[in-house]
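# Structural features, examined
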Amino acid sequence: MSLDAHLDRIAEVKAGMSSAKVAYPIGLRELEVVSTRMLGSGLLRVTLGGEGARGFESHVPEEHVRLIFPDEHGQLRLPERDGLSLRWPRPLPVSREYTVRRYDPAAELLDVDVALHPGGVASDWAVSVEPGTRIYVAGPPGGYVTPEVYARYLFAGDITALPAIARWLEMLPPDIVGWAFVEVADASEEIEMTVPACVQLRWVHRGAVPIGHGDALERALREVRLPAGERTFVWISGEAGVLKPLRRWVRDELGVPPTDRRITGYWKRGVADFDDED
Ligand SMILES: Cc1cc2nc3c(=O)[nH]c(=O)nc-3n(C[C@H](O)[C@H](O)[C@H](O)COP(=O)(O)OP(=O)(O)OC[C@H]3O[C@@H](n4cnc5c(N)ncnc54)[C@H](O)[C@@H]3O)c2cc1C
């Protein structure tokens, strides 16, 4: 595969009729924390930059990177470059996945938005990290490319999905039609974001129920009625258990085919570094 083959493939999928994952050449970069700031009471934006950010690959709304942390002995083990990919040592280094919230190629700055929660390697790091700290970042391994053929878009998720939902809404054409449902604890976790005029944004308040529990998102989503005969793209992420009934609803009740839906467990209660795909 040539260094630019993924760009041709992205263009091909965009010009087609179905969504698909496209692999990129995977980089490993040493970046520097430039700043951190809270977005609402639940998300901490970490802005990364430095020379290592130059030429970062970012092309479509859904891309993620892996932040790599030292292990419990304080030792930082890194993957090695292997052609256009990375070879990871075993046991795997401690790493966590985060959405590329924004990459500004002119300023060479990368934003990741970290949902804060107790007892997480990445969350604890983000809370205490100081500007100037260096961190290795792997990826993005690829992007999820969606042709703009859909009559409607339905986005949903909890606060871990909010960075991706915000990016989808920012990067898709401003005339798209659809819905975005974001489950948060309460109004303090809501954030400002660019929302196309014909997308209804609904903040679903979970209240005292802890994140990853309850059916607030499912109840809100079940109010959606998809017009018959129109193609809808459905994207949902969040806690794996919460997604289970939603997967069934999208597949069996809404009848959305695999090419038009993307439902991904971003985390799982009681499991560190969980990853799951539809
Ligand atoms: C493709 C992809 C993109 C993602 N993008 C983002 C993103 O942009 N922003 C973001 O915040 N997360 C994102 N996530 C989710 C994030 O990777 C996980 O939440 C991750 O487990 C957090 O790492 P941690 O080190 O803080 O916690 P871990 O050490 O992995 O987990 C420790 C404990 O905390 C629990 N836990 C993990 N996450 C949460 C949470 N958010 N709230 C409450 N409990 C939790 C676990 O179940 C476990 O019991 C993404 C995940 C994937 C797969």
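Fair warning: this is a prediction, and the values are worked out from it, not measured in the lab.

Procedures and definitions
- Residues numbered from 1 in each chain as written.
- Predicted model: local features only at pLDDT ≥ 70, side-chain atom pairs only at ≥ 80, totals over all residues.
- Heavy atoms only, no water.
- Near = heavy atom within 4 Å.
- Polar contact = N/O pair within 3.5 Å; in protein donor to acceptor, adjacent residues only side chain to side chain.
- Areas by Shrake-Rupley, 256 points an atom, 1.4 Å probe, with all protein chains shown as cover.
- Helix = DSSP H or I, 4+ residues; strand = E, 2+ residues; numbered from the N terminus.
- Nonpolar A, V, L, I, M, F, W, Y, C, P; charged D, E, K, R; others polar.
- Domains from an automatic or database assignment.
- Core = buried A, V, L, I, M, F, W, Y, C linked by side-chain atoms within 4.5 Å.
- Buried < 20%, exposed > 50% of the residue type's maximum accessible area, 1.4 Å probe, protein only.
- Contact = heavy atoms within 4.5 Å.
- Patch = residues over 30% accessible without salt bridge, like charges linked within 9 Å, V, L, I, M, F, W, Y side chains within 5 Å.
- Salt bridge = Lys/Arg side-chain N within 4 Å of Asp/Glu carboxyl O.
- Buried area = accessible area lost by both parts, 1.4 Å probe.

### With respect to the site of the ligand
- Close to the ligand lie 26 residues, the nearest being E97, A115, H117, A122 and K268.
- In the environment of the ligand, an oxygen atom lies 2.7 Å from a nitrogen or oxygen atom belonging to the side chain of H117.
- Separating an oxygen atom of the ligand from a backbone N or O atom of S123 is a distance of 3.1 Å.
- Protein contact buries 91% of the 910 Å² of open area that the ligand shows by itself.
- Listing elements by their share of the shell around the ligand, those giving two or more residues are β7 (94–99), β9 (109–115), α2 (121–128) and β16 (261–267).
- Top element by residues in the shell around the ligand is β7. It accounts for 4 residues.
- The residue inventory of the shell around the ligand, partitioned by class, reads 11 nonpolar, 8 polar and 7 charged.
- Both domain 1 (5–143) and domain 2 (150–277) contribute no fewer than three residues apiece to the shell around the ligand.

### Description of the nonpolar core
- Membership of the largest hydrophobic core comes to 26 residues, with the highest contact counts inside it found for F155, L162, I165, F233 and W235.
- Looking at this core, the elements that each hand over two or more residues are β12 (152–157), α3 (162–171), β13 (177–184), β14 (198–205) and β15 (232–239).
- Here this core gets 6 residues from one element, more than from any other, and that element is α3.
- Counting the residues that make up this core, at least three belong to each of domain 1 (5–143) and domain 2 (150–277).
- With residues near it in sequence (within four places) discarded, W235 still touches E62, L154, F155, A156, A161, A164, I165, W168, R262 and Y266.

### Let's talk about a nonpolar patch on the surface
- A cluster of nonpolar side chains, contributed by M38, L116 and V127, occupies part of the molecular surface with about 240 Å² of accessible area.
- Summarising the element assignment, M38 is placed in strand β2 (residues 28–39).

### Quick word on the domain arrangement of the protein
- Under the domain assignment, the protein is made up of domain 1 (5–143) and domain 2 (150–277).
- A C-alpha centroid distance of 22 Å is found between domain 1 and domain 2.
- If you look at the interface, domain 1 gives 25 residues, while domain 2 gives 25 residues.
- Across the domain 1 to domain 2 interface the summed buried area is about 2100 Å²; carbon plus sulfur atoms make up 48%.
- Counting the surface domain 1 buries against domain 2, the share from its top three residues, P61, E62 and R101, is 30%.
- Seen at the junction of domain 1 and domain 2, the total is 5 salt bridges.
- One salt bridge connects E62 with R262, and the closest N-O pair in it is separated by 2.9 Å.
- Our count for the domain 1 to domain 2 interface comes out at 14 residue pairs in polar contact (both at pLDDT 80 or more).
- For the side of domain 1 that touches domain 2, the secondary-structure elements that each account for two or more residues are β4 (62–69), β7 and β9.

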